[in-house]
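The chain contents come next:
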Amino acid sequence: MRLRCRPLAALVLPVLVLSTGCGADDGGAGDGPGPLSDDTYERVLGQGVDRALVYTVQLPGFELEEQSAGVLGESDYGATYLPADPPYTAEVSLEVRAGEYDDARCERDPLRGPTGAAPVAVESCEPEADGWYRTGGDRHEYVAARPGHHVILGGPAEAVDRETLTAAALDARPRAGA
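Residues numbered from 1 in each chain as written. Predicted model: local features only at pLDDT ≥ 70, side-chain atom pairs only at ≥ 80, totals over all residues. Heavy atoms only, no water.

A.B. asks: Is there a simple way to think about the overall build of the protein in this case?
C.D. replies: For the protein, the count of helices and strands is 4 helices and 9 strands. Across the protein, helices and strands are ordered from the amino to the carboxyl terminus as α-α-β-β-β-β-α-β-β-β-β-α-β. Put simply, the protein has 178 residues, and 40% of those count as buried. Carbon and sulfur atoms make up 54% of the accessible area of the protein, which amounts to about 10,000 Å² in all. (Helix = DSSP H or I, 4+ residues; strand = E, 2+ residues; numbered from the N terminus. Buried < 20%, exposed > 50% of the residue type's maximum accessible area, 1.4 Å probe, protein only. Areas by Shrake-Rupley, 256 points an atom, 1.4 Å probe, with all protein chains shown as cover.)

Below, the structure is given as structure tokens:
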């Protein structure tokens, strides 16, 4: 007995197979505002990053560059977000560091410059909501205080406005969910 496919069935079957078997792992995107794949999560934990410091953010117009995610220092976490559309020249950095943050650090610690560039001196430091808004050169960042650590989200002022940057930093969520 020989089976013959009808033309419609021949078209529908591949579509069903592709639509049910493909797609990127969202890495628990329901646990946080932005995706971080399970593979990347396991890789950064293997580098020694403290599980409690792996955060994600939802930053409109930007996407996580997963290869950038990794350890800062001995156990802190960092990642870079790039524009979703060309040109891909602006980068926004996410850092989650252990320890408390205060007014003295706000005024003293330089802002992170673009990859490969020197840090930028602080020009202004303003306490705001649950953290600090800081500027220096053409860059700005928001530092959100959390119990035992702090979240820093920063980049070029012309690439992301203050309100968007602040909202994304304040809405940052642990990858593990909490």
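Next comes the rest of the description.
A.B. asks: Is there a simple way to explain helix H2 (residues 38–46) in this structure?
C.D. replies: Because the α-helix completes a turn every 3.6 residues, residues three or four places apart line up on one side. Among the residues making up H2, those that are buried are Thr-40, Tyr-41, Val-44 and Leu-45. Taken around the axis of H2, the buried residues stretch over an arc of 135 degrees, which confines them to a single face. More than 90 degrees from the buried face of H2, the exposed residues found are Asp-39, Glu-42 and Gly-46. For H2, the secondary structure elements touched by its buried residues are strand S2 (62–72) and strand S3 (76–83). Looking at the residues trailing H2, positive phi occurs at Gly-48, about 105 degrees. (Arc of directions from axis to C-beta. Contact = heavy atoms within 4.5 Å.)

A.B. asks: For this particular structure, what's the right way to read the pairing of strand S6 (residues 131–136)?
C.D. replies: The buried fraction of S6 is high, at 6 of 6 residues. Pairing of strand S5 (residues 124–128) with S6 involves 5 bridges; the strand directions are antiparallel. Bridge pairing links Glu-128 to Gly-131 in S6. Adjacent in sequence and paired antiparallel, S5 and S6 are bridged by 2 residues, among which Ala-129 carries a positive phi angle near 50 degrees. (Pairing = 2+ DSSP bridges.)

A.B. asks: Just checking my understanding: could you explain unusual backbone geometry for this structure?
C.D. replies: Across the chain, the bulk of peptide bonds are trans and the bulk of non-glycine residues have phi less than zero. Across the junction of Pro-86 and Pro-87, the peptide omega takes the value -5 degrees, indicating a cis bond. Along the chain, the position of Pro-87 falls in the loop between S3 and strand S4 (92–98). Its identity as a non-glycine residue notwithstanding, Ala-129 has a phi of 50 degrees, on the positive side. Mapped onto the secondary structure, Ala-129 falls in the loop between S5 and S6. Residue classification places Ala-129 among the exposed residues on the basis of a relative accessible area of 66%.

A.B. asks: What is the right way to read the pattern of salt bridges from this model?
C.D. replies: Should the charged atoms of two oppositely charged side chains come close, the side chains can pair. A complete count under the given rule lists 10 salt bridges for this structure. Across the pair Glu-95 and Arg-97 runs a salt bridge, and its minimum N-O distance is 2.9 Å. For Arg-97, a relative accessible area of 25% gives the class partly exposed. Between Glu-126 and Arg-162 there is a salt bridge, and its shortest N-O distance comes to 2.9 Å. Separated by 36 residues along the polypeptide, Glu-126 in strand S5 and Arg-162 in helix H4 (residues 162–170) bring together distant segments of the chain. Three or more residues joined by partner-sharing salt bridges are found here, namely Asp-76, Glu-95, Arg-97 and Arg-112. (Salt bridge = Lys/Arg side-chain N within 4 Å of Asp/Glu carboxyl O.)

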